[in-house]
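Geometric and topological summary
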Amino acid sequence: MAYRADLIRLTGVRARGFHGVLAHERRDGQDFIVDVEMSVDLSRAGASDDLRHTVHYGEVAADVVAIVEGEPDDLIESLAEQIAKAVLARPLVEAVEVTVHKPQAPVGVPFSDVEVVVRRTKDVPVVIALGANLERDGEAPQATLRQAVRHLQRTRGLRAVRVSGLYATAPVGGELVAGQPDYVNAVALARTSLAPATLLARLHRIEADLGRTRDVRWGARTLDLDLVQYGDPRDGSDVASTDPDVLLPHPRAHQRAFVLVPWLDVDPEAALRTGEGVTPVAELIPRLTDQTVRELEGQR
Ligand SMILES: Nc1ncnc2c1ncn2[C@@H]1O[C@H](COP(=O)(O)OP(=O)(O)OP(=O)(O)O)[C@@H](O)[C@H]1O
Ligand SMILES: Nc1nc2c(c(=O)[nH]1)N=C(CO)CN2
């Protein structure tokens, strides 16, 4: 069956605005009617019955009315674009179709409606940390990381995957990791249309496909994929989440040379939001002098 995303469809939101090219449109105003179709993964909300796991259509409707009633534009194209941008800014919305109807437009002949439709897809930068310290079917952790990168490249909704070099790192975590073999770590950058929880579920699927079993917290593993950051804190588009199932940014990333060193390797301008604000990764690394990180293979 062809892949079809779940949807929330909100239709017929009516508000008065002063958009238009003609002077009387700017003076007198008219009604605009807006339909919004949002691609949202509804499986989590369907299972949890929790409003926080979906998009509140009442909030979307209020945003639409505020934009229609706001600053006048000449064109309904720009109105539709602004609405699409506001809707896509919601973390759970993966794609949106916005229709703006203008049934009282000055068309000059009898007509029933004129509408524009814009379709936009989310395209957010993400940072994914990869780690492994157990062999898988006799293959070294390096081979598992390379295989994981191939899975990322094939994941629908992820594109432009770029990977750091591979690093050998001593286990970090004191007592909890004592006696474990060294890890191999890397960082992948990508762009995604997927919502954070959906992307994390895809990462868990790749871990499982590559032999990961979830038994002991911080136990040795054939593969660990963490979502370090979703969006870009340098322009304020990053998502901060305290949902225990999807913590963002990853709460321990700033203390981990095995994340920060490969990340800086693949993005010298990288920055991370921490309790202190947005900090360049290059400034976080020198604070972690006690952690051993050694490059094994350069960027590919
Ligand atoms: N940003 C995130 N990235 C990865 N896992 C997350 C994130 N936020 C919450 N989790 C959840 O954390 C739980 C533990 O994840 P995982 O098994 O990868 O932990 P770990 O690798 O042992 O430790 P750490 O989280 O310190 O790397 C999982 O249930 C996962 O869903
Ligand atoms: N060097 C290193 N240490 C770790 C790592 C890891 O990937 N690399 N992962 C951990 C739990 O996710 C705990 N400690």
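Residues numbered from 1 in each chain as written. Chains lettered and ligands numbered in written order. Predicted model: local features only at pLDDT ≥ 70, side-chain atom pairs only at ≥ 80, totals over all residues. Heavy atoms only, no water.

**Remarks on the domain arrangement of the chain**
In many analyses, interface size is given as the accessible surface area lost on bringing the parts together. By domain assignment, the chain separates into domain 1 (7-121) and domain 2 (124-297). Computed from C-alpha atoms alone, the centre-to-centre distance between domain 1 and domain 2 is 37 Å. Residue-level contacts link seven residues of domain 1 with 11 residues of domain 2. For the pairing of domain 1 and domain 2, the buried interface totals around 610 Å² over both sides, and the portion due to carbon and sulfur atoms is 50%. Looking only at domain 1, the three residues that lose the most surface to domain 2 are Arg44, Pro91 and Glu94, adding up to 76% of its buried area. Our enumeration of links across domain 1 and domain 2 arrives at two salt bridges. Here Arg44 makes a salt bridge to Asp243, at a shortest N to O gap of 2.8 Å. (Domains from an automatic or database assignment. Contact = heavy atoms within 4.5 Å. Buried area = accessible area lost by both parts, 1.4 Å probe. Salt bridge = Lys/Arg side-chain N within 4 Å of Asp/Glu carboxyl O.)

**Brief notes about the side chain of Asn185**
By the secondary structure assignment, Asn185 is in strand S8 (residues 183-192). Asn185 sits in the buried class, given a relative accessible area of 4%. At 3.1 Å, the side chain of Asn185 forms a polar contact with the backbone oxygen of Leu130. At a separation of 2.7 Å, a polar atom in the side chain of Asn185 contacts the side chain of Thr169. Not counting residues within four places of it along the chain, the set of residues in contact with Asn185 comprises Leu130, Gly131, Leu145, Gly165, Leu166, Tyr167, Thr169 and Phe258. (Helix = DSSP H or I, 4+ residues; strand = E, 2+ residues; numbered from the N terminus. Buried < 20%, exposed > 50% of the residue type's maximum accessible area, 1.4 Å probe, protein only. Polar contact = N/O pair within 3.5 Å; in protein donor to acceptor, adjacent residues only side chain to side chain.)

**Concerning the sheet that holds strand S3 (residues 93-101)**
Strands in a sheet are paired, the pairing made by backbone hydrogen bonds, and the direction either parallel or antiparallel. One open sheet holds the four strands; their spatial order is S1-S2-S3-S4, and the pairing between them is antiparallel. Bordering the open sheet on either side are strand S1 (7-17) and strand S4 (115-121), each of which pairs with just one other strand. Put simply, the sheet's adjacent strands are angled 15 degrees from each other on average, direction ignored. In the packing of helix H4 (residues 76-88) onto the sheet, contacts are made with strand S2 (30-40), S3 and S4, and the angle to S3 comes to roughly 155 degrees. (Pairing = 2+ DSSP bridges. Axes fitted to C-alpha atoms, helices over the stretch in contact; angles between N-to-C directions.)

**Quick notes on a nonpolar patch on the surface**
Taken together, Val21, Leu22 and Leu75 make up a surface patch of nonpolar side chains, about 260 Å² in accessible area. Mapping Leu22 onto the fold places it in the loop between S1 and helix H1 (23-28). (Patch = residues over 30% accessible without salt bridge, like charges linked within 9 Å, V, L, I, M, F, W, Y side chains within 5 Å. Areas by Shrake-Rupley, 256 points an atom, 1.4 Å probe, with all protein chains shown as cover.)

**Some remarks on the nonpolar core**
Judged by nonpolar contacts, the single largest core of 30 residues is most densely connected at Val126, Leu130, Leu145, Leu152, Leu203 and Leu227. Counting residues per element, the ones that place at least two in this core are strand S5 (124-132), helix H5 (141-154), strand S6 (158-163), S8, helix H6 (196-209) and strand S9 (224-230). Ranked by the residues each element gives to this core, the list is headed by S5, at five residues. Core analysis: the second largest hydrophobic core is formed by 28 residues, Phe32, Leu79, Val96 and Val116 among them. (Core = buried A, V, L, I, M, F, W, Y, C linked by side-chain atoms within 4.5 Å.)

**Points about the UniProt feature "domain: 7,8-dihydro-6-hydroxymethylpterin-pyrophosphokinase" (unreviewed entry) in the chain**
As recorded in UniProt, the feature "domain: 7,8-dihydro-6-hydroxymethylpterin-pyrophosphokinase" (unreviewed entry) lies at residues 217-228. Along residues 217-228 the backbone is 0% helical and 42% strand, and the end-to-end C-alpha distance reaches 18 Å. (UniProt positions renumbered as here; feature names shortened; annotations may be inferred.)

**A look at H5**
Taking 1.5 Å of rise per residue, the 14 residues of H5 would be expected to cover 20 Å, and the 20 Å separating its terminal C-alpha atoms lies within 8% of that figure. Those residues of H5 lying buried are Pro141, Ala143, Thr144, Leu145, Ala148, Val149, His151 and Leu152. In this fold, the buried residues of H5 make contact with S5, S6, strand S7 (166-169), S8 and H6. (Expected span 1.5 Å × (residues − 1).)

**Quick look at the packing of H5 against H6**
In contact at an axis separation of 10 Å, H5 and H6 are set at 140 degrees when each is read in the N-to-C sense. Our classification of the angle between H5 and H6 gives oblique. The way H5 lies across H6 gives a crossing that is right-handed. The residues of H6 that touch H5, namely those facing Ala148, His151 and Leu152, are Leu203, Ile206 and Asp209. When its residues are assigned to classes, the contact of H5 with H6 shows four nonpolar, one polar and one charged. (Parallel < 35°, antiparallel > 145°, perpendicular 65-115°, else oblique. Left-handed = near helix turned anticlockwise from the far one by under 90°. Nonpolar A, V, L, I, M, F, W, Y, C, P; charged D, E, K, R; others polar.)

**Regarding the site of ligand 2**
Near ligand 2 you find Thr169, Ala170, Pro171, Val172, Tyr183, Asn185, Arg221, Asp224 and Phe258, and these make up its full shell. Within the side chain of Thr169, a nitrogen or oxygen atom sits 2.7 Å from a nitrogen atom of ligand 2. Contact between ligand 2 and Asn185: an oxygen atom at 2.8 Å from a side-chain N or O atom of the residue. Against a free-state accessible area of 330 Å², the protein chains account for coverage of 96% of ligand 2. Its atoms largely coinciding with the cavity grid, ligand 2 occupies the largest pocket. Taken together, the residues that form the shell around ligand 2 break down as five nonpolar, two polar and two charged. (Near = heavy atom within 4 Å. 1 Å grid on protein atoms, 1.4 Å probe; cavity = no way out; pocket = protein on both sides within 12 Å on 5 of 7 lines; lining within 4 Å. Sits in = over half its atoms within 2 Å of the grid points.)

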